Amino acid sequence: MKIRPVRGTHDLYGDEIKKFNLIKNIVSQNAELQSFNELQTPIFELSELFSKPLGDQSDVVLKEMYTFKDQGDDLLTLRPEYTTPMIRAAITKNLLNEIPLKVYGFGPMFRRERPQKGRYRQFNQINFEIFGSNDVMSDIEIIVIADDILKSILPGCEIILNLNTLGERDNLKKYKTILSKYFNDNKNKLSEESRNKIESNPLRILDSKNENDIEISNIAPPIQDYISNKSKIQFEELKQGLKFNNIDFVINHKLVRGLDYYSQTVFEFKTKNLGSQDTLLGGGRYDGLINILGGPDIPGVGWAAGIERIAMLMEFKKNTNSKVHIAINNKKFVTHLQTLFKYLKNNQISFYWNYKYNFKKSLSKANQDKVKYIIMMGEKEFESKSYTLRNLYSGNQNEIKLDEIKNYLNDQS
Ligand code: AMP
């Protein structure tokens, strides 16, 4: 048997995992600052949790979920997105007794999509949600925190916020009927994929990338005509709030988002630097969803961002873990070596040794890793209970006592 990874999955190692951890740290710092609490949910849930709100017709439910029966005949699904599990947890843990509830999390999601650059079958998301407020300030807050996070992880990267409003649910329902009729009348000109969505999910045809679909969509009845005054005013307030926070945006009336449950505000942060998978972060308002899932009839707003896509854009200073390397030329001195290990650990100085009793080999590895210092010990150092510290950048070296090492490294670095 030839072992191989599952298609669309990837292992994280070295710089990649360091980038992930850095992203997580920046996310947590921003979250703590604005009192979002971390909420971690299991990677699988009962399948009905997803099929109910996503709608049986949505792309994700139809084609992309990893669903299986376990040995007890429970139908389970690996989570394809984080909003519904977060809501499930908030309901079952009684966290909605006190609203607004602000939560965030990270973790793997699973979708059986066609893999390509920036698109995987297991990928990681960052997720922020506010449950229980329809104040436009909560829309502003959730977009501002997204912007803060992206700007601090990717300073200088060209990212543009696309913004739209879908209006209230009732109006949206009316608009969907009108859109279905329009697309039906122009059925012959649409791609097959879009034709299949005419009844079930006509909004999705608006963001099709097929040229014929785009042509038909461009002259479709515009969503703005079906939006109430109340929604228009809220959208204006949202735009003012974003301007106040120096966030640039473009209005994109064709932005509808993939999942079925959005209404009112929808947004995506996009970049030109990632090819066709150009959305880094997307979200919006989902005012009926918590109720559909069996919770109270309270609103919600949130977003999800792909960690892999953010990591692909990150500038990362290559840095080896260890501050010092160690070289020893004879097994006879291992006690001296272990005394050094203890000292370095106690003083939080990271180190590396390659199990070679050979100065030349250890020096060559240290040079290859571009570390500045190597601590060497041979007969002479063993006898005098000392260590030789060599600066590999300058070539200077000094023989010093164990308890002087920390200060020496601090002074020199
Ligand atoms: P969505 O839940 O589809 O709105 O996706 C939110 C974000 O997750 C996207 O903007 C991407 O950054 C990321 N994402 C979604 N699907 C994938 C995937 N298959 N592979 C990698 N990242 C993804």
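Look up a bit, the structure's there.
An account of the accompanying structure is given in this report. Just so it is clear, the structure is predicted and the values come from calculations on it, not from any experiment.

Once that is clear, we can look at the overall build of the protein chain. From N to C terminus, the protein chain includes 16 helices and 16 strands. Expected size for 413 residues packed as a compact globule is a radius of gyration near 22 Å; at 28 Å, the protein chain overshoots this value by more than 25%. Among the 413 residues that make up the protein chain, the fraction classed as buried is 50%. Taking the contacts inside the protein chain whose residues are at least 6 apart along the sequence as the reference set, 69% of them involve residues at least 24 apart. With an accessible surface of roughly 21,900 Å², the protein chain has 48% of that area assigned to carbon and sulfur atoms. Charge-centre separation for the protein chain: the mean point of 59 positive side chains lies 7 Å from the mean point of 52 negative side chains.

In this section: a nonpolar patch on the surface. Together, Ile 43, Phe 44 and Phe 68 line one region of the surface with nonpolar side chains, adding up to about 260 Å² of accessible area. By secondary structure assignment, the location of Phe 68 is in strand S3 (residues 67-69). Owing to a relative accessible area of 34%, Phe 68 belongs among the partly exposed residues under this scheme.

A separate point is the environment of Asn 127. Residue placement: Asn 127 occurs in strand S6 (residues 122-131). In this view, Asn 127 contacts Tyr 82, Thr 83, Met 86, Val 103, Tyr 104, Gly 105, Trp 303 and Ala 304; residues no more than four positions away in its chain are not counted.

So, on to the sheet that holds strand S8 (residues 249-251). Sheet architecture is open: 8 strands sit in the order S1-S5-S6-S11-S10-S9-S7-S8, paired in mixed fashion. For this open sheet the edge positions go to strand S1 (37-38) and S8, each flanked by a neighbour on one side alone. Sitting on the sheet, helix H1 (residues 15-33) is in contact with strand S5 (101-110) and S6, with an inclination near 165° to S5. Contacts from helix H4 (residues 83-92) reach S5 and S6, with the element oriented near 50° to S6.

By the definition in use, this model includes 15 salt bridges. Close ionic contact of Asp 147 with Lys 151 constitutes a salt bridge, the shortest N to O distance being 2.8 Å. Here Lys 151 and Asp 147 lie together in helix H5 (residues 136-153), a separation of 4 residues that amounts to about one turn. With relative accessibility at 9%, the residue Asp 147 sits in the buried group. One salt bridge in this structure joins Lys 380 and Glu 399, with 3.1 Å as the shortest N-O distance. Taken together, the positions of Lys 380 in helix H15 (residues 379-384) and Glu 399 in strand S16 (residues 397-401) put the pair 19 residues apart, joining distant regions of the chain. Judged by its relative accessible area of 52%, Lys 380 falls in the exposed class. A single salt-bridge network, built from bridges that share partners, covers Asp 139, Arg 285 and Asp 287.

Working note: non-glycine residues mostly have negative phi, and peptide bonds are mostly trans. Cis geometry is adopted by the peptide bond preceding Pro 100, which originates at Ile 99 and carries an omega value of 5°. Along the chain, Pro 100 turns up in the loop between H4 and S5. Even without being a glycine, Lys 385 presents a positive backbone phi close to 50°. Within the secondary structure layout, Lys 385 lies in the loop between H15 and strand S15 (386-391). Given the relative accessible area of 62%, Lys 385 is considered exposed.

Let us look at the environment of Leu 172. Here Leu 172 lies in helix H6 (residues 169-185). Leu 172 sits 92 residues away from Gln 264 along the chain, and the two C-alpha atoms are 8.8 Å apart. Dropping the residues within four chain positions of it, Leu 172 is found in contact with Leu 166, Leu 203, Ile 223, Tyr 262 and Ser 263.

A few words now on the site of the ligand. Taken together, 14 residues lie near the ligand, and Arg 111, Glu 113, Tyr 120, Arg 257 and Thr 279 sit nearest. The backbone of Tyr 120 places a nitrogen or oxygen atom 2.8 Å from a nitrogen atom of the ligand. When the ligand is considered free in solution it has 480 Å² of accessible area, and contact with the protein chains removes 90% of it. When contributions to the shell around the ligand are tallied by element, the ones reaching two or more residues are S6, strand S10 (279-285) and strand S11 (300-306).

Turning to the nonpolar core, a few remarks are in order. If you look at the biggest cluster of nonpolar residues, it comprises 42 residues, and the most contacted ones within it are Ile 126, Phe 128 and Trp 303. Per element, the largest residue contribution to this core is 10 residues, and it comes from H5. Among all residues touching Ile 126, those that are not within four sequence positions of it are Ile 23, Val 27, Gly 105, Phe 106, Trp 303, Ala 304, Ala 305, Ile 307 and Ile 310. Formed by 40 residues, the second largest nonpolar core is a distinct cluster that contains Phe 123, Ile 205, Ile 223 and Tyr 262.

Let us now look at the environment of Ile 140. Here Ile 140 is to be found in helix H5. In sequence terms Ile 140 and Ile 251 are 111 residues apart; their C-alpha atoms lie 15 Å from each other. The residues touching Ile 140, leaving out its near neighbours within four places in the chain, are Glu 237, Leu 238, Gly 241 and Asn 245.

Attention now goes to the sheet that holds strand S13 (residues 351-352). The mixed open sheet is built from 5 strands, whose spatial order is S13-S12-S14-S15-S16. Each having just a single partner strand, S13 and S16 make up the two edges of the open sheet. Both S15 and S16 contribute to a ladder of 5 bridges, which runs antiparallel. Bridge pairing in S16 links Leu 389 to Asn 398. Those strands touched by helix H13 (residues 334-346) are strand S12 (324-328), S13, strand S14 (373-377) and S15, and its axis lies near 170° from that of S12.

Calculation criteria
Residues numbered from 1 in each chain as written. Predicted model: local features only at pLDDT ≥ 70, side-chain atom pairs only at ≥ 80, totals over all residues. Heavy atoms only, no water. Helix = DSSP H or I, 4+ residues; strand = E, 2+ residues; numbered from the N terminus. Rg over C-alpha atoms; globule rule 2.2 N^0.38 Å. Buried < 20%, exposed > 50% of the residue type's maximum accessible area, 1.4 Å probe, protein only. Contact = heavy atoms within 4.5 Å. Areas by Shrake-Rupley, 256 points an atom, 1.4 Å probe, with all protein chains shown as cover. Lys, Arg positive; Asp, Glu negative; His and termini not counted. Charge placed at Lys NZ, Arg CZ, Asp CG, Glu CD. Patch = residues over 30% accessible without salt bridge, like charges linked within 9 Å, V, L, I, M, F, W, Y side chains within 5 Å. Salt bridge = Lys/Arg side-chain N within 4 Å of Asp/Glu carboxyl O. Pairing = 2+ DSSP bridges. Axes fitted to C-alpha atoms, helices over the stretch in contact; angles between N-to-C directions. Near = heavy atom within 4 Å. Polar contact = N/O pair within 3.5 Å; in protein donor to acceptor, adjacent residues only side chain to side chain. Core = buried A, V, L, I, M, F, W, Y, C linked by side-chain atoms within 4.5 Å.

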